[in-house]
Amino acid sequence: MRTKLKKLFFAGPWYRCAAAWFVAFLVLIILLFVAVDCNFCYLFGRSPGFDDIEDPVVNEASEVYTCDDVLMGRYFNENRTPVTYEEISPIMIRTLIDTEDERFYLHHGIDVVGLFSAARDIVLGRGRGASTISQQLAKNMFRTRTRYSTGLLGQIPGIKILVMKAKEWIVAMKLEWLFSKEEILTMYLNTVDFGSNAYGIKTAARTYFGTTPDALTYEQAATLVGLLKATSLYNPRLNPKNSLQRRNTVLQLVYDHGHIYLDGQMATPSQLDSLLSLPIAMKPRVTESYQDGMAPYFREALKNYIDYLCNQGLVPGHDAINKLDLDAGGLRIYCSIDSRMQAYAEAAVRKQMQVIQGRFNEHWGQTNPWQNANHQEIRGFAEDIARRSPHGRYLSAKFKENADSIDYYLRQPHTVRLFSYGGPIEQEMSTIDSVRYMLRFMHTGFVAIEPDTRFVRAWVGDIDFHSWQVDNVRAVHQPGSTFKLFVYTEAMNQGLNPTDRRLDSYISYTDNIGGGKTRVWAPHNANGTYSYKELTLKTAFAMSVNTIAVRVGMECGVHNIAQTAYAMGIKTKLNETRSLTLGSSEVNLLELVNSYCTVANEGRYAMPMLVERIEDRDGNLIYQAKRKEKKAIPYRSAYLMQKMLEGGLSGTSSSLWNYVRPFYADTEFGGKTGTSNNHADAWFVGVTPKLVGGAWVGGEYPSIHFRTGALGQGSKTALPIFGEFIKSVLSDESFSKYRVKFPPAKGLDPRLWTGSGYAYTQPDTTSYDYDYSDTSDETEETGNPFSLEEQEQPVEPEDDTEPVEEEEM
C-alpha cells in the first residue's frame, strides 16, 4: 500500500502526480469541512446547521403604529427594518456586486479565483480580502466569529482564525445551497451595518439621504457601499472627505464594469466626471434613536404594558420569563393612540403651557419660585438638585465627595443645552444656573380615554421628552377636589341623592397625637368663607365646597370611600385619613381619568388598554386586545354621578363652555376641577359619553407653584388643555362619532337630580336602545403596568423651616 501511494504521488509523469496531489488536497479540504461542521471530538465548536440557516434569527426593530396606521416610532438595539428584493434599486444591487464580489453570479459561496488572486497580491505586498458576499453574510447574520465557539483547537494561537474562516466558508456554501442569489443579496442588504446605528438598507437610505432603497441614485448607492469597508472611517457625517474619496472609488469601479447608465445609455467619461464632482448631499438629520417619533412618553409606558401582557399570560407562548423581544423581535405593534387626537393633544398642551409659562414668569419675576409653606425661599434648593444631577454624581465620584471641589466645578460655566418653547438653545452657564433655569418651567400631563372601549387615544407626559423624562400621566400627585368623585359616588352607593342637602359651615375634628397633645383639623373652603346654607350635594360638588365634601365623607366612612376608589380604577395605595375626602393622597392622572371613565361607562370598570393587536415579524397575529369589564359601582350611582359631573359646568368648570358651546346641541359634557395645597397641583377631568380626558399642571417639584388661586387653580391652568383638545376633536368631521349624548336614565326618577339648587339642566330628546344583560368578566387583575416604580420621580430637597398646614381645595 505504501509503495502504491509513493508511486502515485512521487513516481510517474508529473501531471499524474500533480493531479494526485490536487485530488488529495480536495479530499482533505472536504474532510476538514465535515469535521468542522460536525464539531469532530469537540475540536472546532458548534456551527450553524441547515435549520439555523434556513430560518435565521436577525435582530429587527419593532415598529409601533397608531390605530390609524401611522408609524409612531421603533424599539431597537439595531435599527433595522427589512425590505424585499423588489424594493431595492437595481443601481444598489449592481454597485454592491461590482465593489464587493464581481464574480457573485459565478461562484457557489467561495470565489476560488478570488482566493488565488488574493494570495498572489499578498505575496506582492498588496494584501486584500477575498470574502464573497455570501461569506460576509455568514459572518454578519450568524456571527460565526462571536456567537459560536471555536472548540479546543481555537485555544491554539493562529488556529482560531482558521477555524472561524472555515465556518464562514461552510455557512456560505450552505446559504448558496438553500437560497437564490437574489435572496442572498436581499438578506445581505437587510443585515449589514451601515454605521450611525443604521442597520439594513432601508434604515441607511432613510438615515443618510431621507429616501427609500428603491429610489437610491448612483452617487447615494456608492456612498453606502463605500461605508461597508469601514463604517467610521468612510462615514459621510464623521469623515466627509474620506467618504467622498471612497464614494468616487466605488463609482469608478461600477463604471469600469459598464454598469452606469444615464438616460438609457452607458455613461460617457464626461458624465462620470460629473458624477465624481457631485458633493455628498445628505438629509440634515441626526442619527435615529428609539426615542424619536410620536408620543415618546406613551411608548415608554407601552414597554411596561407589553411586559404586563406577557406576565399575565395574555400573549400565547410568552410569560414572565419568555417575554416579547421589543428591541430585536421585529414586531408590529398596533397601539390605541390615534395620530390625529395625539396631534390635537400635543397642540393643546403646547398652546396652554406657553400661556401658563408667561403668567408664571410674570408672576414671579426675578424671585426664585421654590418656596416653602411660609412663602420663604428654600435655601440651597437648586444646589441640592445640581448635586444629584448626572454631572453632580460624576463630580462626586471623581472628587470622592469633596464638597468644595464639587461645588467649585458645579459653578463653572460651560456649554449647556436647554429647553425653550422656540426650540433647544445652547448657552454658557454653570450647572447650578442651568438647574435654576430649568426649574422655572411649569409641567403638565394629559391623557384621553374612550370609556366604552378603554382604549387610550392620546397621551402627553410633559412639555418636552428630551428635557424631562418623568411621565406626568403616570407620576403621582395630590388630586385635590377631583377626588371628590369617589366621596360622592360612595354617598350615592349608600342611598343619598344629588338633591339631598348638607350645611356649609365651619367644621373641625380633634385628634389625639400622643403625649397628651391634640391636633385640630378644620377644613375650609377655597375662598376661606362659609355660606352657612344647606346646599344640595349637586351644588356642593359643582362649586367644590370642601366642608360639605368632608361632612359627606365622614358620614360614608373614609375606608368605604377608599374601597370605592379602588373599585373604580385607582391603583395607587391611598392614605385613609380624613383629608382623603379632599384629595390629600397621591394618585396618577391615568388612573384618575380611567376612574371617571367608569362613571361614563355606567359603572363598569376596565383597565386602560394601550394595544389593539401585535403581529410577529412574519405578519402573524400573536395578540388581540380583549376588554375585560366588571361592575364597579351600581348603575344608579354611575348615572347620578354623570348628572353631578354635568352640573360642574354651572360651577367651577363653567369656563369649559368657552370651548364646547358650539357642540351643545348634540353632545353632553361634564367635568371636575381640582387644586391641591398651595396650588401645587392643578387638575381638570372632562367627561363626554364617548371620550374622557384629564390634565394635570404643576411645577417639577411641589414647592414650585403659583401663589394665588386666580392663577394656579385647575380651572385656570388644566381645564383649557382639555377644552382646546375636545374642541379640536369635535370640530373634526372624522370624529363625528364622539358627538353624542348620554343615554336616558333606565328606571330612575328624574327628580333625583333635578331638585332646587341645580343651576342648569340640559334637555335630552335622544332615544337609545340598550342591552340590560350583565356581560362582566370578574377576572381579577394582578400588578399595575402603569406605575412609575422603576422610574425615579423627582424628590424635593428637604426644607428646614417650620411648615404651615393648609387644607385641600
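Residues numbered from 1 in each chain as written. Predicted model: local features only at pLDDT ≥ 70, side-chain atom pairs only at ≥ 80, totals over all residues. Heavy atoms only, no water.

## Describing the packing of aromatic side chains
What characterises a pair of aromatic rings is the spacing of the ring centres plus the angle enclosed by the ring planes.
Here is step 1: If you walk through the whole model with that rule in mind, you get 28 aromatic pairs.
Here is step 2: Each ring, one from phenylalanine 399 and one from tyrosine 409, has its centre 5.2 Å from the other, and the planes form 10°; the classification is stacked. In this pair, phenylalanine 399 is assigned in the loop between helix H16 (390-398) and helix H17 (403-410) and tyrosine 409 in helix H17, connecting sequence segments 10 residues apart.
Here is step 3: A relative accessible area of 21% means that phenylalanine 399 is categorised as partly exposed.
Here is step 4: Using a relative accessible area of 37% as the deciding quantity, one classes tyrosine 409 as partly exposed.
Here is step 5: Of the aromatic side chains, those joined through ring pairs into one cluster are Phe419, Tyr421, Tyr437, Phe441 and Trp468.
Here is step 6: Lying across the ring of tyrosine 664, lysine 741 places its NZ or CZ 5.9 Å from the centre. (Phe/Tyr/Trp six-rings, centres within 6.5 Å; stacked < 30°, edge-to-face > 60°. Helix = DSSP H or I, 4+ residues; strand = E, 2+ residues; numbered from the N terminus. Buried < 20%, exposed > 50% of the residue type's maximum accessible area, 1.4 Å probe, protein only. Lys NZ or Arg CZ within 6 Å of the ring centre and 35° of its normal.)

## What to know about the nonpolar core
Here is step 1: By size, the foremost hydrophobic cluster in this structure holds 152 residues, and its most contacted members are Leu302, Ile333, Phe446, Trp459, Tyr488 and Phe725.
Here is step 2: Element by element, the count of residues in this core is highest for helix H13 (residues 296-311), at 9 residues.
Here is step 3: Here leucine 302 is in contact with Val64, Tyr75, Ile333, Leu610 and Val611, once residues within four sequence places are set aside. (Core = buried A, V, L, I, M, F, W, Y, C linked by side-chain atoms within 4.5 Å. Contact = heavy atoms within 4.5 Å.)

## Re the environment of histidine 414
Here is step 1: Structurally, the position occupied by histidine 414 is in strand S6 (residues 414-418).
Here is step 2: A residue is classified by how much of its surface remains accessible, and histidine 414, at 28% relative accessible area, is partly exposed.
Here is step 3: Considering only alpha carbons, one finds histidine 414 and serine 430, 16 residues apart in sequence, at a separation of 6.0 Å.
Here is step 4: The residues contacting histidine 414, other than those within four sequence positions of it, are Gln427, Glu428, Met429, Ser430 and Thr431.
Here is step 5: A distance of 3.2 Å separates a polar atom in the side chain of histidine 414 from the backbone oxygen of glutamine 412. (Polar contact = N/O pair within 3.5 Å; in protein donor to acceptor, adjacent residues only side chain to side chain.)

## Considerations on unusual backbone geometry
Here is step 1: In the Ramachandran plot, aspartate 69 falls in the positive-phi region, its phi being about 65° despite a non-glycine side chain.
Here is step 2: If you trace the backbone, aspartate 69 turns up in the loop between strand S1 (62-65) and strand S2 (71-75).
Here is step 3: Residue aspartate 263 is not a glycine yet carries a positive backbone phi of 60°.
Here is step 4: Tracing the backbone shows aspartate 263 in the loop between strand S3 (261-262) and strand S4 (265-266).
Here is step 5: The exposed category is assigned to aspartate 263, whose relative accessible area is 78%.

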